[in-house]
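Listed below, chain by chain, are the residues.
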Amino acid sequence: MMTAEQYEESLRKLNLVVYMFGERLRNVVDDPIIRPSMNAVARTYELAHHPEHEDIMTAVSHVTGNRINRFTHVHQSIDDLVKKSKMGRLLGMETGCCFQRCVGMDALNALSIVTYDIDAKHGTKYNERFLKYLAYVQKNDFTCDGAMTDPKGDRSLPPHSQPDPDQFLHVVDERKDGIVVRGAKCHQTGAVNSHEIIVMPTISMREEDRDYAVSFALPGDAQGIVYVVGRQSCDTRKAEGGNIDQGNLSFGGHEALVVFDNVFVPWDRVFMYREYEFAGRLVEIFASYHRQSYACKVGVGDVLIGATQTIAEYNGTEKASHIRDKIVEMNHLNETLYCGCIACASEGQREPSGTYSVNTLLANVHKQNVTRFPYELSRLAQDVAGGLVVTLPGEKDFRSPDTREWLEKYLKTKPHVSTEDRMRILRLIENLTLGTAAVGYLTESMHGAGSPQAQRIMISRTVNMKEKQKAAKKLCGIV
Ligand SMILES: Cc1cc2nc3c(=O)[nH]c(=O)nc-3n(C[C@H](O)[C@H](O)[C@H](O)COP(=O)(O)OP(=O)(O)OC[C@H]3O[C@@H](n4cnc5c(N)ncnc54)[C@H](O)[C@@H]3O)c2cc1C
Ligand code: SF4
């Protein structure tokens, strides 16, 4: 398993084509805007070497028998699934942000199931190919992207009817040695911190869309892949040089638009090719795994609750009954989220491939809660924190001899609480609820792994309504 330092060095060797603020970014690793997201992924490597976290952060590969980082593991039991949820909470708490490595883990697991199912129907050899790729990822302890979301153009039209056929990623050429693909993936989490990118279709498809039913993996720096990094609220604070205003000193996440400009994929890295009837299944399985992965939000919620309790104590409101009740409510919501990601793991099942999948209904219920509760937690945190979350003067004013005196005097609450500490905790609450971390904690909670309606559709499809009706009718004598 790589150490955090080896991970950083391995990224330096990649030759990614990255653009940010209108310019080509040559040194991604040391860029102050990107660096915190690299630090967050590095934590997934670092904790795997801590003896107290070994059980959660590592696993034994079913392909090679070697001990591996759990982020490269294909779940072989319910225990693996439960540990995955615990790992998400642990890392959310450690980083206070999106640590990016789960999308690749979820893509690997979804492909381990669907390649097997395609082979069973079509007599293809995708699963064998996939397992070789998995062993390669595990041996090198790679971070992989899971890239599912296409730009989608006009949402009312299927891929083949779009005025621009590239709105969904598709095959444009078939060669003896592989295929050529064109299109893009949006919102790619961890895009420029990853060694590999694993592409999957974004929606269910019909025969007319078969060129869009394609899944494959490539090195992140394969020729023709271009990354355009997304902006985040307050992102340039990371480049200001201080260490108060960014809220979270070391960690953050990032996303990017990933363009595939006629990219060649060799056959040994193609895991689905025009088997359109399996596109929907791959989407569903990946989405369920990723909905479970939102255990990360529980860990970030832990940080927000800790920050809220701290600001209450700094402000002298911690004993007020309504403040205590609000913090109880925050804990209640956060632990309810934890129940969801543990429950869908505990109720998981073995698929024909041998991989364990999560319970689809419970994973969707969990994600539906994730689309709401972090917003309510954020509302309560802002209520308790007070208006300074958004009106606090900056670090430079705090450091300036012209204004420091005023800030020290008028931002003071209790003798033993330093003004600087009060500013720091307020900035962390701002970061989580309005700043760079809110990208992951709020909007990604809403849309990541599918917008809320996608879960409602899955809930209505998977719930056993007949059984409920039977129970009700039996009790009141309807035959
Ligand atoms: C921070 C962040 C990180 C992400 N990371 C990743 C990642 O790593 N990998 C990845 O693959 N994806 C990632 N995603 C993408 C995520 O899965 C998508 O945002 C999600 O699927 C919604 O797609 P969209 O953003 O295109 O919104 P849209 O699909 O445009 O949805 C907007 C609204 O329109 C509704 N809508 C859309 N289409 C229809 C329709 N046909 N009929 C009726 N209503 C419709 C939706 O229900 C929703 O309410 C990430 C997203 C975010 C915000
Ligand atoms: S949002 Fe959470 S589940 Fe998704 S990649 Fe980031 S940390 Fe992992």
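Residues numbered from 1 in each chain as written. Chains lettered and ligands numbered in written order. Predicted model: local features only at pLDDT ≥ 70, side-chain atom pairs only at ≥ 80, totals over all residues. Heavy atoms only, no water.

(A) A look at the site of ligand 2. The environment of ligand 2 is made up of C98, F99, Q100, C102, T189, H290, S293, Y294, C296, K297 and E444. If you list the elements that add at least two residues to the shell around ligand 2, you get α7 (279-293) and α8 (296-315). Partitioning the shell around ligand 2 into residue classes produces five nonpolar, four polar and two charged. (Near = heavy atom within 4 Å. Helix = DSSP H or I, 4+ residues; strand = E, 2+ residues; numbered from the N terminus. Nonpolar A, V, L, I, M, F, W, Y, C, P; charged D, E, K, R; others polar.)

(B) Region of the structure containing the packing of aromatic side chains. Under the criterion given, the structure shown has ten aromatic pairs. Arranged with centres 6.3 Å apart and planes meeting at 70 degrees, the rings of F71 and F99 form a pair that is edge-to-face. Remark: F99 occurs in the loop between α4 (78-95) and α5 (102-122) and F71 occurs in the loop between β4 (67-69) and α4; sequence separation between them is 28 residues. In this pair, the class of F71 matches that of F99, namely buried. Where Y133 meets F271, the ring centres are 5.5 Å apart and the plane angle is 50 degrees; that geometry is what we call tilted. Placement of the pair is Y133 in helix α6 (residues 126-140) and F271 in strand β12 (residues 270-273), with a sequence separation of 138 residues. One exposure class covers both Y133 and F271, and it is buried. An aromatic cluster is present here, built from F130, Y133, Y136, F142 and F271 joined pairwise through their rings. Directly above the aromatic system of Y294 lies the positively charged group of K297, at a separation of 4.6 Å from the ring centroid. (Phe/Tyr/Trp six-rings, centres within 6.5 Å; stacked < 30°, edge-to-face > 60°. Buried < 20%, exposed > 50% of the residue type's maximum accessible area, 1.4 Å probe, protein only. Lys NZ or Arg CZ within 6 Å of the ring centre and 35° of its normal.)

(C) A look at the pairing of strand β8 (residues 196-199). Residues E196 and I198 line one face of β8 and the alternating positions I197 and V199 line the opposite face, and both faces are buried. With four bridges connecting them, strand β5 (residues 144-147) and β8 associate as parallel partners. By the bridge assignment, A147 is partnered in β8 with V199. Alignment of β8 against strand β9 (residues 214-219), held across four bridges, turns out to be antiparallel. Bridge assignment links I198 to a residue of β9, and that residue is A217. (Pairing = 2+ DSSP bridges.)

(D) Here's a closer look at the sheet that holds strand β1 (residues 18-20). Judged by pairing direction, the sheet is mixed, and its six strands sit side by side in the order β2-β1-β10-β11-β7-β6 without closing on themselves. The outermost strands of the open sheet, each flanked by one partner alone, are β2 (23-24) and β6 (170-174).

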